[in-house]
Amino acid sequence: MIEREKLLEECQPVLRENDLSSDYFQGRVRGVRDTLPKILADNFRENPAGLSMRKKDLGIWSGYTWAQVYEKVKSMALGLKSLGLERGDKVCVIGDNDPQWYWAELAVQSMGGVVVGLYIDAMPGDVEYLLTHSDSSFVFAKDQEQADKFLEVREKVPRVKRVVYWDRKGMAGYRKDPWLLELDDLIHLGQSYEFRHPKVFEEEVEAGGANDPAVLCYTSGTTSLPKGAMISHAYLIKGTIRWAAVNLPQAGDEYLSFVPPAWIAEQLLIASWLVFRTRVNFPEEPETVMENIREIGPQMVLLAPMQWQGLLSMVQMKIFDTGPVRKLLYRACLPVGYKIAEYRLKGRRSLPLLWRILYGLANGLCLYHIRDSLGLSKIRFGITGGSALGPDVFRWFLAIGVGIKDSYGLTEINPVTVHGRKIKPGTSGPPVPGVQVKVSEEGEIFLRSDVLFQGYYKNPEATGSMMVDGWVKTGDCGTLDEDGHLIIYDRMKDMLRLKGGGRYSPTYIENRLKFSPYIKDAMIIGGEEREFLFGIVIIDFDNVGKWAEKTRLSYTTFVDLSQKEEVYNLVEKDVLRVNATLPDHAKVRRFTLLHKEFDPDEGELTKTRKLRRGFLEKRYEELIQASFSGREKIVTEAEVKYRDGRQGKVKTDLKIRTVETGR
Amino acid sequence: MEEKSKAVLTASNISLRFGGVKALAEVGFQVCQGEILALIGPNGAGKTCLLNCINGFYLPDPGGSILYQGAQLCGMKTYDIARLGIARVFQGIQTYAGMTTLDNLMTGRTMGMKYGILDSLFYFWSRARKEEMAHRRRVEEIIDFLEIEPIRKKYVGELAYGLRKRVDFGRALAMDPDLLLLDEPMAGMNLEEKEDMARFILDVSEEKRTTMLLVEHDMGVVMDLADRIVVLDFGRKIAEGTPAEISRNPVVISAYLGEEGGPGK
């Protein structure tokens, strides 16, 4: 059941705070039904010709109306049914963000099935584990690359009846295999099934209920094997409404679908697309997102902090490469933007006339054009989540006129907080309506809400350890500030102490380091047995390479470039800049530039590109020991796993640099 | 190999002389329908010369003959040969640096365009527009196939080497050829680019059943891709057979390692 009036009542205080008209929001909430397929059916009935999604295909944006989406979903759903899908069955979907992904999800849910989203870079081993653990009976896989993973583990997953693919490129040699099925063939199966059994689709959709599981969201598993959180339709619908109360999406808002649908955040946005009839746009290829975002001019964008940061470094590098006039304009206008941003952050004091004129100039000459070339000129709000966004990144975007709202949520309970009108950098915003936040004495955050997962699939112990007297134990360390905004420091287990007892958060330091265009990744190592902090830094090959070209420094490979004395000097400047913001005990005293990038395929990063610290510390143990025993360099031999599965060894000299500690 | 046994191109008794230098000496071979035939040999063995003969850039000495689907290629103009459906990816880079990827690929379609200057003057009312749309569609399919969407509108001159080679390959594909001559398509590429290119070549061969004549130095690539191999050394054919046969052939091994008593003496 979705108690619509209760929901609206809870949302009232937030709605009053917003200046935007909430009529549309209230209207949609009053009419909402209790499963996603039912809402799709309503959209089809009430607005069949309305444009629902767009995909850039063969260089042209082609659109799908609600009627077209509904027909596709219906045929696919019936196709699955004719092949033996039953209520409660699990279906895996893997592939880039495509209309087909969305259709597959709704088709499965229409028949009472549950969708298991996989990340596109999952290895065959992960695929096998998730297929087996989730008891999946069907698979949707985008193309040859994805289908190959299933073919590789085929013998070990006897439950899987068919693998449906939607991009036929490179599949010519597979067509004879009856295990594989092209999406168009599935649709034909569905159409002929409908001819023989009319009304089955409508009946199946109506048979669904709010508390049916809709999605199994596997957590990325920083610590252990992935756990599948069971997410119901009620969770998605109520969650998206609460989130929307703060941000008020309007009919026909353009949204760029880019974060993986296997992530709960995109799932909430799929619900938002249905409930609020926004328009979802799919980029042509992941590599063309920056081009596509400009063509769409979206009203809302959800990007992970790393991607926001990527936008910023892209602009910085382009400015670095551009002519003197543009450089001058950028340098002159950006400080004005920063000044205005500060005014806005402090409250709504009206600006002095001089600054208003200056801002008008800066905006017209430079800031608007940066926004425009990033495709953010129409943006009402940008959202981030997943991990902390560097305050410097946040300030820069605010300076060019784009407010990025931070949000916080877990797969298990979401959304928890999001910024509304008032954006406070360094915080994750106030709790959304209906969510209670409690901070324990140790500083751990506990949450309570009725938008709650139904437990982990086949893992009640894990579910039990997550719940304490009806509160969700987040494992995050944080606090609520005087305005009621949530501040997250770090994971409880990741707040560390040094030998002297000084506390530090490695993630915080790493994020500050990563703000430099020359640093792609970093890992800070300390701990209770050690006296100081040591950093493993990964250079950004593109940007440092460009810098080397400018300064006429010759280099051959990543390994060679990373070990140049000049590059160490360059990075040391950034380390000093970060050190200046840190208390004495938490300064980075030594660092090394690693000869390779951290790679998820080698198990060094999780699929969402978080560091797997335990693994990394073991892997680079020798380097770490050398650094704490004061050595200047070590010879390291790293085992490298190539993408085609072969293993090899790389031998290199790694320098270790001691950072100047004098003031 | 049975199903592919029909020969599309038969070269026999090809000799080529530059002054006193004998570049090719009585070379003969067949390319069968749908196969990938690799042409290998040490530097200066005459591989590119042989392709140039097929293309019509060089005219072989009298007595030689190259039959393609029954037509005699020797003495034909290069553009007429191209019209028969023979496309080529050149050694090194032969793309138009000042044009975008898209325009480069469109040049591959010019042969199929029928409209003239008059039609293009009245672009919106004539068949020119309709025709161009059809060609553009085919080009977009190739862009999708080669995964070069991000560089669709970039000037080819500013692209990395590996990508330019890919554009070159795409332009040859845009001709919808029946016989594709590939002259070292992977020279100068890194491992990842080579693997991508190998996959594209196999996909074209599988999906379109395009016949291919491949010249390549990377033996790993040749052994993986080719159905049959012809080995040249100092202008002579010294061996022919499947990859397994060739890799065991002592004459070939000695030609590559330059051992005493090799046929190159």
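Residues numbered from 1 in each chain as written. Chains lettered and ligands numbered in written order. Predicted model: local features only at pLDDT ≥ 70, side-chain atom pairs only at ≥ 80, totals over all residues. Heavy atoms only, no water.

Bringing the overall build of chain A into the picture now. Across its full length, chain A holds 23 helices and 28 strands. Against the 2.2 N^0.38 benchmark of 26 Å for 663 residues, chain A shows a C-alpha radius of gyration of 26 Å, consistent with a compact globule. For the C-alpha atoms alone, the extent of chain A along its principal axes is close to 80 × 65 × 55 Å. Taking the intrachain contacts of chain A between residues at least 6 apart in sequence as the baseline, contacts between residues at least 24 apart amount to 66%. Taking the 93 positively charged and 91 negatively charged side chains of chain A as two groups, their mean positions are separated by 4 Å. (Helix = DSSP H or I, 4+ residues; strand = E, 2+ residues; numbered from the N terminus. Rg over C-alpha atoms; globule rule 2.2 N^0.38 Å. Contact = heavy atoms within 4.5 Å. Lys, Arg positive; Asp, Glu negative; His and termini not counted. Charge placed at Lys NZ, Arg CZ, Asp CG, Glu CD.)

Contacts between chain B and chain A engage 15 residues on the former and 17 residues on the latter. Around 1,200 Å² of area is buried between chain B and chain A when both sides are counted, 49% of it from carbon and sulfur atoms. Taken as a group, Glu149, Pro150 and Glu207 of chain B account for 34% of the area that chain B buries against chain A, more than any other trio of residues on that side. Linking chain B with chain A are three salt bridges, by the criterion used here. Here chain B is connected to chain A by four residue pairs in polar contact (both at pLDDT 80 or more). Every element with two or more residues in the side of chain B that touches chain A is listed here: α5 (127–146) and α7 (191–208) of chain B. Residues of the side of chain B that touches chain A, tallied by class, amount to three nonpolar, no polar and 12 charged. (Buried area = accessible area lost by both parts, 1.4 Å probe. Salt bridge = Lys/Arg side-chain N within 4 Å of Asp/Glu carboxyl O. Polar contact = N/O pair within 3.5 Å; in protein donor to acceptor, adjacent residues only side chain to side chain. Nonpolar A, V, L, I, M, F, W, Y, C, P; charged D, E, K, R; others polar.)

With that out of the way, let us pick up the sheet that holds strand β2 (residues 21–32) of chain B. Read across the sheet, four strands follow the order β2-β1-β4-β5 (chain B) without closing on themselves; strand pairing throughout is antiparallel. The sheet is open, and its two edges are formed by β2 and β5 (71–72) of chain B, each paired on a single side. (Pairing = 2+ DSSP bridges.)

Residue and element names in this part refer to chain A. Considering the arrangement of structural elements, one finds threonine 592 in strand β25 (residues 588–593). Exposure remark for threonine 592: the relative accessible area of 0% places this residue in the buried category. A distance of 3.4 Å separates a polar atom in the side chain of threonine 592 from a polar atom in the side chain of tyrosine 568. Ignoring any residue separated from it by four or fewer positions in sequence, one finds threonine 592 in contact with Phe534, Gly535, Ile536, Val537, Tyr568, Leu623, Leu654, Lys655 and Ile656. (Buried < 20%, exposed > 50% of the residue type's maximum accessible area, 1.4 Å probe, protein only.)

Put plainly, a disulfide is one covalent bond tying together the sulfur atoms of two cysteines. Enumeration according to the criterion identifies zero disulfides over all chains in this entry. In this structure cysteine 74 of chain B is not part of a disulfide, and its nearest cysteine sulfur, from cysteine 53 of chain B, lies 7.1 Å away. (Disulfide = S-S within 2.5 Å.)

Residue and element names in this part refer to chain A. In terms of nonpolar packing, the biggest core is built from 101 residues, with Phe25, Phe140, Leu236 and Trp273 touching the most fellow members. Per-element tally for this core: the top contributor is helix α11 (residues 264–276), with 10 residues. Discounting chain neighbours no more than four positions away, the residues touching tryptophan 273 are Ser52, Met53, Trp66, Val69, Tyr102, Leu106, Thr278 and Val280. Ranked by size, the runner-up nonpolar core spans 46 residues in total, among them Ile519, Ala522, Phe534 and Ile656. (Core = buried A, V, L, I, M, F, W, Y, C linked by side-chain atoms within 4.5 Å.)

A few words now on the packing of helix α14 (residues 324–346) of chain A against helix α16 (residues 391–399) of chain A. Residue and element names in this part refer to chain A. The geometry of α14 relative to α16 is characterised by a closest axis approach of 7 Å and an angle of 100 degrees between their N-to-C directions. With respect to α16, the axis of α14 lies roughly perpendicular. Seen from α14, the contacting residues are Tyr330, Leu334, Gly337, Tyr338, Ala341, Arg344 and Leu345; seen from α16, they are Phe394, Arg395, Trp396, Leu398 and Ala399. A per-class count over the contact of α14 with α16 returns nine nonpolar, one polar and two charged. (Axes fitted to C-alpha atoms, helices over the stretch in contact; angles between N-to-C directions. Parallel < 35°, antiparallel > 145°, perpendicular 65-115°, else oblique.)

With respect to the helices and strands, serine 224 of chain A occurs in the loop between β8 (213–218) and β9 (228–232). Counting along the chain gives 400 residues from serine 224 of chain A to isoleucine 624 of chain A, while the straight-line C-alpha distance between them is 24 Å.

Further remarks concern the sheet that holds strand β12 (residues 300–302) of chain A. Residues and elements named next belong to chain A. The sheet built from eight strands is open, its strands ordered β2-β1-β11-β10-β12-β13-β14-β15 with mixed pairing. Unpaired on one side and paired on the other, β2 (60–65) and β15 (417–418) mark the two borders of the sheet. With three bridges connecting them, strand β10 (residues 254–256) and strand β11 (residues 279–282) associate as parallel partners. Following the sheet pairing, tyrosine 255 is matched in β11 by valine 280. Against the sheet, helix α5 (residues 99–110) contacts β1 (51–57), β2, β10 and β11, and its axis sits at roughly 135 degrees relative to β1. Set on the sheet, helix α13 (residues 305–321) makes contact with β12, β13 (381–384) and β14 (404–408); between it and β13 the angle comes to about 125 degrees.

Moving on: the confidence of the model for chain B. Residues and elements named next belong to chain B. In this model, chain B carries a mean pLDDT of 87, and residues with pLDDT of at least 70 account for 95%. For chain B, per-element mean pLDDT is lowest for helix α4 (residues 117–121), which scores 73, and highest for strand β8 (residues 211–215), which scores 94. Within the model, the stretch residues 261–265 combines pLDDT values under 50 with seven contacts to residues more than four positions away or in other chains. Two summary scores accompany this predicted model of the complex, namely pTM at 0.80 and ipTM at 0.78. (pLDDT = per-residue confidence, 0-100.)

The next point concerns the packing of aromatic side chains. Residues and elements named next belong to chain A. Under the counting rule described, the total for this entry stands at 19 aromatic pairs over all chains. Ring centres of tryptophan 66 and tryptophan 273 lie 5.1 Å apart, and the angle between their planes is 25 degrees; on these two criteria the pair is classed as stacked. Taken together, the positions of tryptophan 66 in helix α4 (residues 66–82) and tryptophan 273 in helix α11 put the pair 207 residues apart, joining distant regions of the chain. Of the residues examined, tryptophan 66 reaches a relative accessible area of 1% and is grouped as buried. (Phe/Tyr/Trp six-rings, centres within 6.5 Å; stacked < 30°, edge-to-face > 60°.)

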